[in-house]
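# Examination of the molecular architecture
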Amino acid sequence: MHEFSVAQHIIDIALQSAKQQQVDQIVSVEVEIGQAAGVVVEALEFAWESATKDTLLRDTALVIKFIPVTISCRNCKTQYFPRDLIEICPQCGDYDPEILTGKELRVSAIIVNN
Amino acid sequence: MCDTCGCGEGVAGYRITKPSGIKNNHSGLVDQEHFHGDHHHHTHDHGHGSGHTHEHSHEHDHHHNTNDHDEEQARRIIVETDILQRNNLLAERNRGYFEARGIMALNLVSSPGSGKTTILEKTIKALSGYQIYVIEGDQQTTLDAEKIDATGTPVLQINTGSGCHLDAEMIHKAVRELDPQNKSLLFIENVGNLVCPALFDLGESARIVIISVTEGEDKPLKYPNMFQSSQICIINKTDLLPYVDFNLEQIKKYALKVNPDLSFIDLSARTGEGFGDWIQWIKEQIS
């Protein structure tokens, strides 16, 4: 699917950061993938191997921090983890969710050697 | 797509073409077909299976002693960059371009076969007198662009190859070729896919998800991203309602669960039933 192009974007971002800092080697790239980001972690790990194979990052590890969805009920401000796609507020029973976390799709840091 | 490394997917390797027979009255458009991005050709003699051999092919010289030198010298550089940032930035550029020129850009998304192209053909007919442009997205063929071309509407076909969605860069390039007039209407018919296009902002003014009555009421629950990111939901092929077990009220209930702000238009592109509501909505957006 498109985890491969996500991997390519991660590579581009990592290389750009490394270039700015004049780094020799990128040991690992840390990314945050939210539960609701639309990216499958296993597929991304698999795609990473393929995407980096012929690049400067062929030995670079991809470190994935998975971020679960947390919801804030707009009605009573209770925060909860939904187990299901659509889960009513455990406190007031209303369904008016604001997604607080879980949509992240970002490169947080790179670990480098000079 | 290259089997070994998957190249050919995503941004590099898509193609923008004009359907044959289109009259080109723009100066400066020379080629009918051109490729975007480099299509890398790798030699296919990768011998290894999973995992990579750990050769120390690094340029810098240092001694490998018992200490883990990597950790001593390693430092952490904060990046905090959104992965889809490049697409989002380009999408905002597109959005600014459209707003500056008063162009209403509508992104039509759906599974394959829900009737996007037919709806478009009928829409163009119903909106004669309006300046309309179309961008068609498919993995392969210019079949859809040819259909639109037959209506006399300026159209470009984007073939994504193995790609599963249109992205902002493709739209950016296609729009530059189309060079739409100010205050015109641009329809973008995305690749038929209920999953991936949801993630990719194109810079559109509105996103319209199209679902037909033969697809089942539970699709909004199964494909929530698509329904969450759209503003209008067209339910097509209502002429087939007597022949399928499809509950019109139920699908709306499900869809409203994932997106309480969604509006619905029930229609049949084939018979024309309900089509007036769709045309009315478009006219309201333009004025």
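For the structure, check the block above.
Definitions and limits used
Residues take numbers from 1 onward in each chain, read along the sequence in its written order. The lettering of chains begins at A and the numbering of ligands begins at 1, in the order of writing. With the structure being a predicted model, the display of local features is reserved for residues of pLDDT at least 70 and the display and counting of side-chain atom pairs for 80 or more, all residues being used for whole-chain, interface and lining totals. Numbered from the N terminus, helices here are DSSP runs of H or I no shorter than four residues, and strands are runs of E no shorter than two. Radius of gyration: over C-alpha atoms. The globule rule applied is 2.2 Å multiplied by the number of residues raised to the 0.38 power. As used throughout, a nonpolar core is a set of buried Ala, Val, Leu, Ile, Met, Phe, Trp, Tyr and Cys residues joined through C-beta atoms within 7 Å of each other. Put plainly, a residue is buried at 20 or more neighbouring C-beta atoms within 10 Å of its own, exposed at 12 or fewer, and partly exposed in between, counting only other residues' C-beta atoms, which are placed from the backbone. Each residue is represented by a C-beta atom placed from its backbone, and any two residues with such atoms within 7 Å are regarded as in contact. Following DSSP output, two strands are said to pair if at least two bridges run between them. Note on handedness: a crossover is taken as right-handed if, strands pointing away from the viewer, the path from the first strand over the helix to the second is clockwise. Interaxial angles span 0 to 180 degrees and are taken between N-to-C directions of axes, which are lines fitted to C-alpha atoms, for helices over the stretch in contact. Convention used here: angles under 35 degrees read as roughly parallel, angles over 145 as roughly antiparallel, angles from 65 to 115 as roughly perpendicular, and any remaining angle as oblique. Here is the rule for handedness: rotate from the far helix to the near one, and if that takes an anticlockwise turn smaller than a right angle the crossing is left-handed, while a clockwise turn gives right-handed. Here the nonpolar group is Ala, Val, Leu, Ile, Met, Phe, Trp, Tyr, Cys and Pro; Asp, Glu, Lys and Arg are the charged ones; every other residue, Gly included, is treated as polar.

## As for the overall build of chain A
A tally of helices and strands in chain A yields 2 helices and 6 strands. Its helices and strands taken in sequence order, chain A reads α-β-α-β-β-β-β-β from the N to the C terminus. A compact globule built from 114 residues should have a C-alpha radius of gyration of about 13 Å, whereas chain A, at 18 Å, is more than 25% larger. Taking the principal axes of the C-alpha coordinates as reference, chain A spans close to 55 × 30 × 15 Å.

## Here we look at the nonpolar core
Ranked by size, the top nonpolar core spans 54 residues in total, and within it Ile171, Ala174, Phe187 and Ile188 of chain B carry the most contacts. Element by element, the count of residues in this core is highest for helix H5 (residues 168-178) of chain B, at 6 residues. Ignoring anything within four residues of it in the chain, the contact list for phenylalanine 187 of chain B reads Leu106, Leu108, Leu120, Ile132 and Val134 of chain B. Core analysis: the second largest hydrophobic core is formed by 28 residues, Ala37, Val39, Ala47 and Trp48 of chain A among them.

## Overview of the pairing of strand S2 (residues 61-67) of chain A
Residue and element names in this part refer to chain A. Relative to S2, strand S1 (residues 25-34) is paired through 7 bridges, and the arrangement is parallel. Bridge pairing in S2 links glutamate 30 to valine 63. Between S1 and its parallel partner S2, the chain crosses via helix H2 (residues 41-52), and the hand of that crossover is right-handed.

## What to know about the packing of helix H1 (residues 3-21) of chain A against H2 of chain A
Residues and elements named next belong to chain A. Where H1 contacts H2, the two axes come as close as 8 Å, and the packing angle between them is 60°. It follows that H1 is oblique to H2 by the angle criterion. Crossing hand, H1 versus H2: right-handed. When H1 is examined against H2, the residues Glu3, Phe4, Val6, Ala7, Gln8 and Ile11 are found in contact with a partner set consisting of Ala43, Leu44, Ala47, Trp48, Ser50, Ala51 and Thr52. Counted by class, the contact of H1 with H2 contains 9 nonpolar, 3 polar and 1 charged residues.

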